Amino acid sequence: MKKGLVFVLAVVLMFNPVLRAVPTFADGQPKIGAVKYETVDLNSFSEFLNEEREAYSFSSVPIMKSEAGVTNETEASSSSSDASASSLTDEELASILYAAAKALVSRVNLAGYNVTLDQLKRGMELIFWYKPDLFYLNATYGYASYEGTNIAALAILNYRMSNDEIKAARVVFENGLNEIVAQVDSSWSQMEKVLFVHNWIVVNCEYDRSYTYADAYSVLTLRKGVCQGYSLLFGAIMAKLGIGVNYAVSVEKTHMWNVVCVDGKWYHLDLTWDDPVCISGASNPGVDRLGRVSYDFFLLTDEQITDQDHPSWSCSVEVSTEEFTDRFFSDTKSDCVYVDGKWYFVDESTRRLNCYDSATDITTDLGLSSGTWYVWGSSSRYYSTSYSGVAKCDGKIYYSTQNSIKCYDPAEGKAVTVVTADTSDGYVYGMRSKGNGVLEYEIATSSAVKASAILTSYVGGLDLVEGSSCGLSDYVTGVESGTTVAGLTAQFRQAVTVYNSHGDKLLGDEVLKTGDRVCVVIDGVTYRDVSVAVEGDVDGTGTVNSLDYVKTKLQVKFENLLTGVFRTAADLDGNGTVDSTDGLCARLRLKQA
């Protein structure tokens, strides 16, 4: 099934530019014509659908290979007077335009370069389609040509954001890339690094069926985009990792994908077609299952990708003819997650949890089944594949079954059920990690039907940093009087927020009181809420005073005055009871206060 989406290509606006440099032609000074606007050719987006995969794409253009300096309207570009041929290659022109866009220059003086309007368009296509960091560049650009010629005197760049917005977005983009790169283990092989980034994009992003987002910034921040956005984001991350990356484009398929260099050899990698989508009729064009990853288009030769319905493309690098054989992930559709030197995934054929040891190159079946996915409404018909998602949290592996989420602890070598899903309206079809111990899973009646519910579950516990002076059980203990909020939050491995007993958020320099709460809050949802016991502060004022001492002595005598976190605050020796020793400790603290 194919669908077409055609975009309006050009808008023409007229105004007179002011130029300071005009080349000298043999027949004198030509006049500068009115400024016109052209839009980078988006061609027609095409949709190619097949079972559990789809491709969306755009028109093909050459690859830019170099970057150079920038000129603008206040500078003379060249003294050349030859109007018959351009003095720049397409790549050199693109380098000038790229540098201008990086510097947020709007007008680029092309006088003396004899750049034709066709060449200008090619140069604009090169930077618009192939530079991830130019996400703010508008597809519509302007130009002024010399009257009676097709020679451009001026190129006008337009931006989709203001200068301040671009500067702020650049920071967001850079920080987002760094957050992904920070998760890459420096000890991994190049293949493992490429695998992690491939899976991160496929698991966390979805295809944009509105055909709106084609840039790396949108895919990174909105988690959606078309094939160009997928490819550009992958390229930006590979550049951060120092791994060679390029792009392949297919006019026939109107599609774009990456070519990546692993161990000195180039291979095809198509993120869009590795983001599986299940087809279920015209009313439901596809479902991007949570945590589902395909590896059908991961590190392929020309011959292999041709056999996978990619019959033609253009690319500026030569792809290896040698197949990539180190493919422990070949028989899985789950994410591959890394813990302590091993990659964990669910094998499709056995439907069991496996681990791959990269040091020994050995894959081990752990004997833990993800179970069977029965057809909704039937007790005998089932799918031959697994729809389990795999994620990690706090050094443990989580995988989903048809009706639950299980946790496997590699240290203990066993799995336990941590979430039992309500499957009255469907089964668990897919799961992924949202970070910080939050798992997201979906309930659906079929692999080809959209989820009736997307649910979250917090499976991570509050974690103290190694060597922390605090303790953690029913309450946060070991908190000394005078400790600030910032001092406490630094004790935790994950991001936590502290509130007072009334629910007001506390600032970093505020002093803690018994009864304050440490919370894990993600996307506005509170997943963990643990009260703080400040040692000796049994009245919850934040200071150790005579009333604290009196209440502690009364607790020793009557045993039922203090309850909950306030009783824990009075247990100064930490033996689980409030006794005479605690009374003595309280008296000493009062003297020291």
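Bringing a nonpolar patch on the surface into the picture now. Together, Leu547, Val550, Leu554, Phe558 and Leu561 make up a nonpolar patch on the protein surface, roughly 430 Å² of accessible area in all. Of note, Phe558 is situated in helix H9 (residues 546-558). Look at Phe558 and you get partly exposed, because its relative accessible area is 49%.

Another point: the packing of aromatic side chains. How two aromatic rings sit relative to each other is set out by the distance from centre to centre and by the angle between their planes. By the definition in use, this model includes 28 aromatic pairs. Geometrically, the ring pair formed by Tyr344 and Tyr408 is tilted, given 6.2 Å between the ring centres and 50° between the ring planes. In this pair, Tyr344 is assigned in strand E18 (residues 342-346) and Tyr408 in strand E23 (residues 404-409), connecting sequence segments 64 residues apart. Look at Tyr344 and you get buried, because its relative accessible area is 4%. Taking the relative accessible area as the measure of exposure, Tyr408 reaches 7% and is therefore buried. An aromatic cluster is present here, built from Trp188, Phe196, Tyr295, Phe298, Phe328, Phe329, Tyr338, Trp343, Phe345 and Tyr356 joined pairwise through their rings. Looking at Lys131, its charged tip hangs above the ring of Tyr98, at a distance of 4.7 Å from the centre.

Direction vectors running N to C along helix H3 (residues 163-181) and helix H6 (residues 227-241) enclose 65°, while the axes themselves pass 10 Å from each other. As the angle between them shows, H3 and H6 are arranged roughly perpendicular. Note on packing geometry: the crossing formed by H3 with H6 is right-handed. Of the residues in H6, those touching H3 at Phe173, Glu174, Leu177, Asn178, Ile180 and Val181 are Leu233, Ala236, Ile237, Lys240 and Leu241. Residues that form the contact of H3 with H6 fall into these classes: 8 nonpolar, 1 polar and 2 charged.

Next up on the list: the packing of helix H4 (residues 190-204) against H6. Interaxial distance between H4 and H6 falls to 11 Å at its minimum, and their mutual angle equals 145°. Between H4 and H6 lies a crossing of right-handed hand. Along its contact with H4, which presents Lys193, Val194, Val197, His198, Trp200 and Ile201, the element H6 presents Tyr230, Leu233, Phe234, Ile237, Met238 and Leu241.

Analysis parameters
Position labels on residues start from 1 in each chain and follow its written sequence. Local features in this predicted model are restricted to residues whose pLDDT is 70 or higher, and side-chain atom pairs enter the listing and the counts only when it is 80 or higher, whereas totals over whole chains, interfaces and linings include all residues. Only hydrogens and water are removed before side-chain values are computed, so all heavy atoms of the structure are retained for them. Residues with no salt bridge and a relative accessible area higher than 30% make up the patches, which join like charges within 9 Å and nonpolar side chains (Val, Leu, Ile, Met, Phe, Trp, Tyr) within 5 Å. Only the protein chains shown count as cover for residues, with accessible areas throughout obtained via the Shrake-Rupley method and a probe of 1.4 Å. Salt-bridge detection follows one rule: a side-chain nitrogen of Lys or Arg within 4 Å of a carboxyl oxygen of Asp or Glu. A run of H or I in DSSP counts as a helix once it spans at least four residues, and a run of E counts as a strand once it spans at least two, with each numbered from the N terminus. Only protein chains enter the area calculation, which uses a 1.4 Å probe; residues under 20% of their type maximum are buried, those over 50% are exposed, and those in between are partly exposed. In summary, the pairing rule links any two rings of Phe, Tyr or Trp, Trp by its six-membered ring, whose centres are within 6.5 Å, and it sorts them by plane angle into stacked for under 30 degrees, edge-to-face for over 60 and tilted for everything else. In our convention, an over-ring charge means Lys NZ or Arg CZ found within 6 Å of a ring centre and within 35 degrees of that ring's normal. Interaxial angles span 0 to 180 degrees and are taken between N-to-C directions of axes, which are lines fitted to C-alpha atoms, for helices over the stretch in contact. Each angle receives one of four descriptions, namely roughly parallel if under 35 degrees, roughly antiparallel if over 145, roughly perpendicular if within 65 to 115, and oblique otherwise. Should the near helix be turned anticlockwise from the far one by less than a right angle, the crossing is left-handed, and should it be turned clockwise, the crossing is right-handed. Residues are treated as being in contact if the distance between any of their heavy atoms lies within 4.5 Å. Only Asp, Glu, Lys and Arg are considered charged in this grouping, and only Ala, Val, Leu, Ile, Met, Phe, Trp, Tyr, Cys and Pro are considered nonpolar; every other residue, Gly among them, is considered polar.

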